[in-house]
Amino acid sequence: MSADQEVEGLAARLRERRLNSRHTLEAAAARVGLSPAYLSRLETGQRQPSLPVLLGLARAYGTTVAGLLGELPGEPDPVIRGGEIGPGRAGGWGYRRAGAPGRAMQALRVQVPPGLQDAVVRVHPGEEWLYILRGRLRLTLGEQDHLLEEGDSAHYDSFTPHRIAADSANGVELLFMHTLLQSPGGELCLGGGH
């Protein structure tokens with residue numbers, strides 16, 4: 001960047017992000033492959049960083065380039081386009097985002113493969129809602145087992161111990177909404193790990 005393309009407040013944000021991430025000038029410079037003197041010049045506004053340097057600093061400080069540049073996030077696009085659900089790494093489960101990120105309620109399209117599922121019983125703050133698109137689902141809520149067919153739905157408090165598993169030969173596809181990702185209490189799993 002030339003001097004006439006200077007981003008207002010960038011130097012101060014670079015210093016603030018480094019201090020907030022608890023990096024010394026030397027440690028931050030080493031993580032990004034810069035000299036401490038050059039990083040100091042960036043933080044005092046004597047030099048402007050290139051895009052690769054900004055990317056490295058953003059990663060080192062746990063933020064984004066947009067955050068370093070002081071850009072305010074816009075309103076997320078309310079439309080989420082459909083598509084195939086890719087093969088998952090979590091026990092064969094597949095996921096596709098069906099709602100905007102950063103909201104209190106998260107929406108997913110989920111494919112649960114057939115066969116025996118793990119024995120993890122989940123308990124966490126929030127609510128969950130699911131709707132069966134294809135196949136049959138076994139939903140365990142507390143001590144009760146429920147079989148849900150295509151078109152069925154369930155809405156429950158997720159403090160109730162719960163577990164889901166496919167109960168059809170080709171697995172099950174469902175829409176799933178929850179408040180789990182935004183809940184301050186996190187997640188507690190009983191009966192085994194993920």
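Figured I'd write up the structure that's included with this text. Note that the structure is predicted; figures quoted are calculated from it, not measured.

**A closer look at the pairing of strand 9 (residues 172-178)**
Stage number 1. Burial of strand 9 is extensive: five of the seven residues sit out of reach of the surface.
Stage number 2. When strand 2 (residues 106-112) meets strand 9, the two strands line up antiparallel, connected through seven bridges. Note on strand 9: the bridge partner recorded for Val-112 is Val-172.
Stage number 3. For strand 4 (residues 127-134) and strand 9, the ladder comprises six bridges, and the chain directions are antiparallel. Pairing of Trp-129 across the sheet is with Met-177, part of strand 9.

**Here's the deal with the packing of helix 2 (residues 25-32) against helix 4 (residues 51-61)**
Stage number 1. Contact geometry of helix 2 with helix 4 gives a least axis separation of 9 Å together with a crossing angle of 120°. When the axis of helix 2 is compared with that of helix 4, the two are oblique. Note that helix 2 runs across helix 4; the crossing there is right-handed. Contact residues: Ala-28, Arg-31 and Val-32 in helix 2; Val-53, Gly-56, Leu-57, Ala-60 and Tyr-61 in helix 4.
Stage number 2. Each residue belonging to the contact of helix 2 with helix 4 can be placed in one class, and the counts come to six nonpolar, one polar and one charged.

Parameters and conventions
Residue positions are counted from 1 within each chain, in the order its sequence is given. Totals for whole chains, interfaces and linings use every residue, but because this is a predicted model, local features are given only for residues with pLDDT of at least 70 and side-chain atom pairs only at 80 or more, for both listing and counting. To get the side-chain values, all heavy atoms of the structure are used, and hydrogens and water are removed first. Here the term buried applies to any residue with accessible area under 20% of the maximum for its type, exposed to any over 50%, and partly exposed to those in between, with areas from a 1.4 Å probe on protein chains only. Put simply, DSSP marks the helices as runs of H or I at least four residues long and the strands as runs of E at least two long, and each gets a number from the N terminus on. Only when DSSP finds a minimum of two bridges between them are two strands counted as paired. To get an axis, a line is fitted to the C-alpha atoms, and for a helix only the part in contact is used. The angle between two axes follows their N-to-C directions and goes from 0 to 180 degrees. Just so you know how the angles are binned, under 35 degrees is roughly parallel, over 145 roughly antiparallel, 65 to 115 roughly perpendicular, and the rest oblique. Two helices cross in a left-handed way if the nearer one is turned anticlockwise from the farther one by less than a right angle. They cross in a right-handed way if the turn is clockwise. Throughout, a residue-residue contact means that at least one pair of heavy atoms, one from each residue, lies within 4.5 Å. Each residue gets one label: Ala, Val, Leu, Ile, Met, Phe, Trp, Tyr, Cys and Pro are nonpolar, Asp, Glu, Lys and Arg are charged, and the others, such as Gly, are polar.

Without other data, these values stay purely geometric and don't point to any function.
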